[in-house]
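Each chain is listed here by its residues.
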Amino acid sequence: MNTIVTGLQWGDEGKGKIVDYLTETADVVVRGQGGNNAGHTVIAKGTKYILSLLPSGILWDGKVNVIGNGVVVDPIGLVAEIGRLEAQGVSITADKLLISDRCHVVLPLHKELDAAREAALGDRKIGTTKRGIGPAYCDKINRNGLRIADVLDEAYFREMVGYRTVEANKVLAEYGLPTFDAKAQADEVLTAFTRLRPHVTNTIPVLHKAWKEGKTILFEGAQGTLLDIDFGTFPFVTSSNTTSGGSCTGTGMPPTAIQAVVGVCKAYTTRVGSGPFPTVDEGLSQYLHDLGREFGAVTGRPRGCGWLDAVLLRHGCMVNGATGLAVTNVDGLDQYETLKICTGYDIDGVIHELPPADRHAWDRAVPVYEELPGWQQDTSGCTAFADLPVNAKAYLQRLSDLCETPVQFVGVGPDRAQTLVA
Ligand code: GDP
Ligand code: IMO
Ligand code: MG
């Protein structure tokens, strides 16, 4: 069975942990969108790993990990990431990691353009990760991006980086920022590329062969539904389709190859960066930060925290076609006395069960809450779903009812082993 693992909130739901857990029974793990704006944390046997471009299956031996065509690859960032993982004892060989020759390349100039645009937006900034994701996808859609296949052709690559640098330098000069030397930039990318070259291939037939042979393929989503360029809180989103459809266009695998979609969400809601967040709650944010939780894996930024939002999850289950939920961080709510779930938004006196498209309507959305009693017991030691406190099970059941999707997995701690099957 081939499964997509996708985020149902604003990213950081615990996708990496769920993918790592499911990799034990899978053969191939593939990423189809995003770039190193992602930060997926996996804790296995007491060691913490952070994956940004590498699929989370990389920690297991004997599995094939694929960076699909829809991912934007920063070669310099990827080489650094490979180095960090190798230093932690993870082997990253050419048979274990495959990179699509169709991936678009994130150049150093994309990162500068990302930062420059954010600075120019001032108060209206998106709060990007400054990894150059928006500008790189922009070039792809604008049809002047460079793909990995283009890097293989060094003369062509140098020529094109030259053109792109002239264009980017005009923009940077307008902002009064330092400009780029095309040669130095191309040299830097080409040097990084020597480490990546053995991994580059046409990944489409590899995935199709695995499918035809009945192997199990996991599609690892990055970011989350509310950061999706179409279905998220536009314009405070990322620049790719983070929802399940992106797994097809981003890998070359058709919808008919996929049987299941696991929607990952936290037992509460978090968000980093700017944009609307109706259920944000200062008390809950403080409580979780005091526990040392909810600081970003990539940037270290504290995440805003709020109550579980069934309006968002209903929408997420719908657009992703979620066949099951993985609810993580249930242990985060262990000691809270009374919990809230948002069941609708009151916008100008009208109750909405689905998120609005109008960006200004978000600012007027007042959450309608339902209260549930907490369980006030430690769940982190639970080893089976049946061990969970009655109130925790009731909370999960209510969530499942509101989304019309069964709970399939429950996370009660960051470790691989702290995953329960419902
Ligand atoms: P991703 O981007 O969706 O892979 O999620 P991140 O790794 O960015 O953020 C999820 C955070 O929650 C990380 O710090 C994980 O280690 C942690 N985490 C995941 N599942 C659980 C869980 O069930 N309980 C606890 N306590 N932490 C979890
Ligand atoms: P994972 O895969 C959480 C957010 C940024 C910003 C917006 C746009 O770890 O869940 P970008 O750099 O993509 O142009 O930033 O999207 N963002 C994420 N937030 N988790 C992520 O990835 C994110 N990737 C991007 O904070 O608000
Ligand atoms: Mg993350």
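Let me begin by describing the structure that accompanies this report.

## Structural notes on helix α13 (residues 390-403)
Then step 1. With 14 residues, α13 should cover 20 Å at 1.5 Å per step; its first-to-last C-alpha distance of 20 Å lies within 8% of that length.
Then step 2. Along α13, the residues that are buried comprise Ala-392, Tyr-395, Leu-396, Leu-399, Ser-400, Leu-402 and Cys-403. Projected down its long axis, α13 shows its buried positions confined to an angular sector of 165°, all on one face.
Then step 3. Positive backbone phi, approximately 55°, marks Glu-404, located one or two places after α13.

## Quick look at the pairing of strand β5 (residues 64-67)
Then step 1. Sheet topology note: the strand β2 (residues 28-31)/β5 ladder contains four bridges and is parallel. Across the sheet, the residue bridging to Val-30 is Val-66, located in β5.
Then step 2. By the bridge criterion, three bridges tie β5 to strand β7 (residues 97-100) in an arrangement that is parallel. Considered in β7, the bridge of Ile-67 is made with Ile-99.

## Some words on the site of ligand 2
Then step 1. Near ligand 2 there are 20 residues, and of these Asp-12, Lys-15, His-40, Thr-129 and Thr-238 occur at the shortest range.
Then step 2. Between an oxygen atom of ligand 2 and a side-chain N or O atom of Lys-15, the distance comes to 2.7 Å.
Then step 3. At 2.7 Å, a side-chain N or O of His-40 approaches an oxygen atom of ligand 2.
Then step 4. In isolation ligand 2 has 550 Å² of accessible area, and contact with the protein removes 98% of it.

## A few points about the coordination of the magnesium ion (ligand 3)
Then step 1. Every protein donor of the magnesium ion (ligand 3) is listed here as Asp-12 (OD) and Gly-39 (O), and their distances to the metal cover 2.0 to 2.2 Å. Highlighted residues: Asp-12 in the loop between β1 (3-7) and α1 (15-23) and Gly-39 in the loop between β2 and β3 (40-44), separated in sequence by 27 residues.

## Considering the pattern of salt bridges
Then step 1. Enumeration over the complete set of coordinates arrives at 19 salt bridges.
Then step 2. Taking the shortest distance from any N to any O, the salt bridge between Asp-187 and Lys-183 comes out at 2.7 Å. With Asp-187 and Lys-183 both in helix α7 (residues 182-196) and four residues apart, the pair spans about one turn of that helix.
Then step 3. A relative accessible area of 24% means that Asp-187 is categorised as partly exposed.
Then step 4. A network of salt bridges, in which partner residues are shared, links Asp-12, Lys-266, Glu-294 and Arg-303.

Calculation notes
- Residues numbered from 1 in each chain as written.
- Chains lettered and ligands numbered in written order.
- Predicted model: local features only at pLDDT ≥ 70, side-chain atom pairs only at ≥ 80, totals over all residues.
- Heavy atoms only, no water.
- Helix = DSSP H or I, 4+ residues; strand = E, 2+ residues; numbered from the N terminus.
- Expected span 1.5 Å × (residues − 1).
- Buried < 20%, exposed > 50% of the residue type's maximum accessible area, 1.4 Å probe, protein only.
- Arc of directions from axis to C-beta.
- Pairing = 2+ DSSP bridges.
- Near = heavy atom within 4 Å.
- Polar contact = N/O pair within 3.5 Å; in protein donor to acceptor, adjacent residues only side chain to side chain.
- Areas by Shrake-Rupley, 256 points an atom, 1.4 Å probe, with all protein chains shown as cover.
- Donors = N, O, S within 2.8 Å, 3.2 Å for Na, K, Ca; no water.
- Salt bridge = Lys/Arg side-chain N within 4 Å of Asp/Glu carboxyl O.

No statement about biological role is implied by the geometric values presented.
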